Amino acid sequence: MRTIISVIGKDAVGIIAKISAILSSHKINVLDITQSVLDDMFVMVMLADISQSLVDFPSLVSELDSLGNELGLKIHTMHEDVFNSMHRI
Amino acid sequence: MLNSFDILETIKMIEEEHLDIRTVTMGISLRDCCDSDIDRCAEKIYDKICRSAKDLVSTAETIECEYGIPIINKRVSVTPISMLADCVESADVTKLAKALDKAAATIGVNFIGGYGALVHKGFTRGDTNLIDSIPEALAITNNVCSSVNVATTRAGINMDAVARMGKIVKEAAHLTADRDSIGCAKLVVFSNATEDNPFMAGAFHGVGEGECVINVGVSGPGVVQKAIRRAGDCDLADLAEIVKRTAFKITRMGQLVAREASRRLNVPFGIVDLSLAPTPAIGDSVAHILEEMGLEQVGAHGTTAALALLNDAVKKGGVMASAHVGGLSGAFIPVSEDAGMIDAVRAGSLSFDKLEAMTAVCSVGLDMIAIPGDTTADVISAIIADEISIGVVNNKTTAVRVIPAVGKGVGDEVNYGGLLGSAPVMNINTKSPAKFIARAGRIPAPIHSQKN
């Protein structure tokens, strides 16, 4: 399964490093990463393969959510298909 | 990879604009639960529902987590219980309602629909027993919903059933008088009822359906409203395009969830119902979409035209997004469940008669409308007859869910909280239709029913 991890909020030092640290500790491979500024917001999007993940999906969601709260950012972790089905015909 | 703008748009729809899956409803056939002994029949019903839907709630919750999209309700619809009432010897069939209620509590769904009958042409013994039991069944259960189909375009209108339902609605109000007559909020009278509607209170598992099926109802009035706001001063053709595009995206989400729920539960996918279903929450209102289109307040002249455009564009956008579209599919206009409708009634800009006109161009009917508690059964029957006529003549589903709130008059309010919301009691015409209703019989099917 592939998941989209999106980060929205104010830019700061070390966001990508902190998220990557969590992902690598769970053996989650980052396939692609992009960042941009949209509507005055910093937006970073990661595509990750969680098929070898050492933790189950709800735990990953909650761990990244907590990190988001800690950093004052919104981190969403959602199945890739949500976006594919909505934006691709 | 997907672009950030698209990802941000989806997240915004969910976070800020109340995009959600309104319901995942499992339809379950109970036709194999017949038994002449009512206790045995009740036991079979309970067992079958619990067996079929044991994983419904947990599966929906897993999908909710993985996909990050809220699934507000998990529900069950069953074969019209009148078909089982035909088999049981006992005339009192309320034990079957209790079995449904108990099953709903066990599997953790918030509503179970199907305690109803299809009597558009006539009554069987079971139909009569079932209909007579509705007021008590709704009073002694928490989660059971009831619907009765009294007319179709093919069969005409069973006015005996219409007359009977006026009395049943009154009785349901009285038996739940201590709870703002909430029994009536769980009772719908239909014309052209759909067999695969996932929304309550009118959901039931039709006789043409299979053993078990997953139907999904999407929502998202807030998403449509915000899209119209962002578009600014465009003309109405452009506005219809915006609604279509938005409806497409919303429905794709519904299709994805329906497909996943179907696969994981190993139950066939039935339909996606692409309705705009409001909730009392701010930013989740169909009335506010109409106002965003340019009406000062819903109920103003122009409301019916705006709603017609909205309803049509939602269907056009949605049909391409799903393999099977069904149910009611369109805009819902329940008064108590829509903050904008409630405000418009309070302000005096939305009348009962305007609501009736609006139902001619959208997907349901006179829905969740509180009327004075002293309204007679004849007047309620006549309200039903009028609304059902609109459905029969226009070859569409219409429905009546009115609440004659016991002890309350115009200016008072009923308050249920949660999704059912609150409603100001509305003024209605009290001139007597008694003689017309007492004529009974069947209103013949309209000429355009002759299609063969």
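What you see is a predicted model; the values in this text were computed from it and never measured.

A.B. asks: Would you take a moment to explain the interface of chain A and chain B for this structure?
C.D. replies: Buried accessible area, meaning the area lost when the parts come together, often serves as the stated size of an interface. In this complex, chain A contributes 31 residues to the contact, which on the side of chain B involves 26 residues. Interface of chain A and chain B: buried area, both sides summed, is about 2,600 Å²; carbon and sulfur atoms make up 73% of it. Where chain A meets chain B, there are one salt bridge. Across the salt bridge formed by A:K74 and B:E15, the nearest N and O atoms sit 3.6 Å from each other. Our count for the contact surface shared by chain A and chain B stands at five residue pairs in polar contact (both at pLDDT 80 or more). Per-element accounting of the side of chain A that touches chain B gives the leading share, eight residues, to helix 3 (residues 80-87) of chain A.

A.B. asks: Help me understand the domain arrangement of chain B, please; the structure alone is not making it clear to me.
C.D. replies: All names here are of chain B. In terms of domains, chain B is made up of domain 1 (26-191) and domain 2 (216-444). Measuring from the centre of the C-alpha atoms in domain 1 to the corresponding centre in domain 2 gives 22 Å. Taken together, the contact between domain 1 and domain 2 spans 46 residues of the former and 48 residues of the latter. Summing both partners gives a buried area of about 3,700 Å² for domain 1 against domain 2, and 69% of it is carried by carbon and sulfur. The largest share of the area that domain 1 buries against domain 2 comes from I157, M159 and D180, three residues that together contribute 18% of it. Our count for the domain 1 to domain 2 interface comes out at two salt bridges.

A.B. asks: Is there a simple way to think about helix 1 (residues 15-25) of chain A in this case?
C.D. replies: Quick reminder: α-helices carry 3.6 residues per turn. Residues three or four places apart thus point the same way. All names here are of chain A. Listed as buried for helix 1 are I15, I19, I22 and L23. Summarising the axial view, the buried residues of helix 1 lie within an arc of 95°, below the 170-degree limit, and thus occupy one face. Taken from the residues just after helix 1, K27 is the one with a positive phi, measuring 60°.

So, how was this worked out
- Sequence order as written defines residue numbering, which begins from 1 separately in each chain.
- Both sets of labels track the order of writing: A upward for chains, 1 upward for ligands.
- In keeping with the predicted nature of the model, local features appear solely for residues at pLDDT of at least 70, side-chain atom pairs appear and are counted solely at 80 or more, and the whole-chain, interface and lining totals rest on all residues.
- Just so you know, side-chain values use all the structure's heavy atoms and leave hydrogens and water out.
- Residue contacts follow a heavy-atom distance rule, with two residues in contact if any of their heavy atoms lie within 4.5 Å.
- Buried area: the sum, over both parts, of the accessible surface (1.4 Å probe) that disappears when the two are put together.
- One side-chain nitrogen of Lys or Arg within 4 Å of one carboxyl oxygen of Asp or Glu is enough to make a salt bridge.
- What qualifies as a polar contact is a pair of N or O atoms within 3.5 Å, subject to a donor-acceptor requirement within protein and to the restriction that residues adjacent in sequence count only when both atoms come from side chains.
- Every helix listed is a DSSP run of H or I at least four residues long, and every strand listed is a run of E at least two residues long, numbered separately from the N terminus.
- Domain segmentation is taken from an automatic or database assignment of domains.
- Burial classification: accessible surface area is computed with a 1.4 Å probe over protein chains only, and a residue below 20% of its type maximum counts as buried, one above 50% as exposed, and the rest as partly exposed.
- In this description, one arc is meant: the one made by directions from the helix axis to the C-beta atoms.

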